[in-house]
Amino acid sequence: MQILVTGGAGYIGSHTVVELLAQGHEVVVLDDLSNASAEALRRVGEIAGREVELLEVDVTDEAAVLAALEGARPEAVVHFAALKAVGESVEQPERYYRTNVGGTLNLVRAMDAVGCRTLVFSSSATVYGAATQMPLTEDSPLGATNPYGWTKFMTEQVLRDVAASDERWSVALLRYFNPVGAHPSGRIGEDPRGVPNNLVPFIAQVAVGRREQLTVFGDDFDTPDGTGVRDYIHVVDLAEGHVAALAKISGPDGVRGAHAWNLGTGTGSSVRQVVAAFERASGREVPVRVAPRRAGDVATSYADPARARDELGWTARRGLDEMCEDTWRWQSGNPQGYATS
Ligand code: UD1
């Protein structure tokens, strides 16, 4: 298939492009490079053995998005392009709604105009809000605790309504748990700008010597060791989940309508367990200090991944050690990310 991948130069996008190319699909990437690097795509091309076309377009630019779709004529779209920093979304809500919700509206309109109505959407377990009943199933109550989370919640609703309005639409709402890890080649990985917000990139930068120590946000949660428990999933497993979802919703026999699938492992790991696994994988010590809880953090979050297993034939196969080993291969081989390596 001819596939347009928005945000395809970013962390999850670049790994998904690798898997789509490995399946024999043709891929065009639409990305404004605001939090991504053209070098990532160049390396994706290296891994795949063929170059990937990049359209440098901002999803909030409606005319440019339409022109991109008219040029690329995709049969399906995988939509990653969005802003994703929780704290920043509290400071700049309008920008988050404009890019994440408005960008998706531009994309839907352009897709409709070119007759492409097969869409895989990058959603998040953040749409379960402050849910405390674990594991999370796709039928767990939805909500949000910050503007970023609301943009995912609202975009899902927009897409469900669009799919309900016209039976030609097929939409996969993929709810990611905590993506970590890197391609086993060590050539592509997560390269956050500024201070990492998320746990594993922060640990990786401590291990490689870019930062002094990890701050553990709270060790008084109601969990076995007091630190927060999350469902970490290897980014290559996640990328394979996109391929499986696309197969499910595309072609003449593809399921129509909008469907949500959790992409997680079903297993939770605590902050201390992740630190220990990363120390084993890297052979480096990761000094930690404990600080108060971060606003909005829940004690525990993990998926029930049964629906994706039963309906997509997909399960996450890579464990926490492999996630840390692959992160370390990427981080140690590219201490400054894509910048100077
Ligand atoms: C966060 C976002 C979530 C978003 C996801 C992916 C919040 C509240 N949630 O999820 O909406 O979808 O990232 O971008 O920001 N931790 C530390 N020290 C650190 C960083 C994290 O102890 O320096 C702990 C956290 O308290 C948590 C765990 O590590 O228990 C994972 O944190 P993180 O990687 O930020 O992911 P989430 O909070 O699950």
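Here's a quick rundown of the structure. Since we're looking at a predicted model, the values are computed, not measured.

Below, the discussion takes up the site of the ligand. Inspection of the region around the ligand gives 18 residues, with L199, T215, R230, R294 and D297 positioned closest. The separation between an oxygen atom of the ligand and a polar side-chain atom of S124 is 3.3 Å. Contacts to the ligand include D297, whose side-chain N or O atom sits 2.6 Å from an oxygen atom. Top contributing element to the shell around the ligand by residue count: strand β8 (residues 214-217), with four residues. When the residues that make up the shell around the ligand are grouped by side-chain class, the tally is eight nonpolar, seven polar and three charged.

Another point: the sheet that holds strand β1 (residues 2-6). Read across the sheet, seven strands follow the order β3-β2-β1-β4-β5-β6-β11 without closing on themselves; strand pairing throughout is parallel. Each of the sheet's edge strands pairs with one partner strand only, and the pair in question is β3 (53-56) and β11 (257-263). If you compare each strand with its neighbour and ignore which way they point, the axes differ by 20 degrees on average. The sheet contact formed by β1 and strand β4 (residues 76-79) spans four bridges and is parallel. In the sheet register, V5 faces β4, and the bridge partner there is V78. Relative to the sheet, helix α1 (residues 11-22) contacts β1, β2 (26-31), β4 and β6 (170-176), its axis offset from that of β2 by approximately 165 degrees. The sheet strands contacting helix α3 (residues 62-72) are β1, β2, β3 and β4, and the helix crosses β1 at an angle near 155 degrees.

The next point concerns the pattern of salt bridges. What the rule picks out here adds up to 25 salt bridges. Residue R187 is joined to E46 by a salt bridge in which the shortest nitrogen-to-oxygen separation is 3.3 Å. A residue pair is termed long-range when its members are at least 10 positions apart, and R187 in the loop between β7 (178-180) and α7 (199-207) and E46 in helix α2 (residues 38-48) qualify at 141 residues. Residue E46 is classed as partly exposed on the basis of its relative accessible area of 41%. Between E240 and R318 there is a salt bridge whose closest N-O contact spans 3.3 Å. In this pair, E240 is assigned in helix α8 (residues 235-249) and R318 in the loop between α10 (306-312) and α11 (320-333), connecting sequence segments 78 residues apart. Side by side, E240 and R318 carry an identical accessibility label, which is buried.

To continue, consider unusual backbone geometry. Here the bond from M134 into P135 is cis, since omega is -5 degrees, no more than 30 degrees from zero. Following the sequence through the fold, P135 ends up in the loop between β5 (118-124) and α6 (147-165). The phi dihedral of L33 falls on the positive side, at around 60 degrees, and the residue is not glycine.

Time to look at α7. A large share of α7 lies buried, amounting to nine of its nine residues. Those residues of α7 lying buried are L199, V200, P201, F202, I203, A204, Q205, V206 and A207. Elements that come into contact with the buried residues of α7 comprise β7, β8, β10 (232-234), α9 (271-282) and α11. Positive phi appears at G209, one or two residues downstream of α7, with a value of about 95 degrees.

Rules and cut-offs
- Each residue is numbered by its place in its chain's sequence as written, counting from 1.
- At least 70 in pLDDT is required for a residue's local features to be given in this predicted model, at least 80 for side-chain atom pairs to be given and counted, and no such filter applies to totals for whole chains, interfaces and linings, which use all residues.
- Side-chain measures were taken over the full set of non-hydrogen atoms in the model, leaving aside hydrogen atoms and water.
- Nearness of a residue to a molecule or strand requires only that one of the residue's heavy atoms be within 4 Å of it.
- Under this definition, polar contacts are N or O atom pairs within 3.5 Å; protein pairs additionally need one hydrogen-donor-capable and one acceptor-capable atom, and for neighbouring residues in sequence, both atoms have to be side-chain atoms.
- Going along the chain from the N terminus, every DSSP run of H or I of four or more residues is numbered as a helix, and every run of E of two or more is numbered as a strand.
- Under the scheme applied here, ten amino acids are nonpolar (Ala, Val, Leu, Ile, Met, Phe, Trp, Tyr, Cys and Pro), four are charged (Asp, Glu, Lys and Arg), and all others, including Gly, are polar.
- By the convention used here, strands pair only if DSSP detects at least 2 bridges between them.
- Helix axes are fitted to C-alpha atoms over the stretch in contact, other axes to C-alpha atoms as well, and angles between N-to-C directions run from 0 to 180 degrees.
- Should any heavy atoms of two residues lie within 4.5 Å, those residues are considered in contact.
- Every case where a carboxyl oxygen of Asp or Glu lies within 4 Å of a side-chain nitrogen of Lys or Arg is listed as a salt bridge.
- Only protein chains enter the accessibility calculation, which uses a 1.4 Å probe; a residue is then buried when its area is under 20% of its type maximum, exposed when over 50%, and partly exposed in between.

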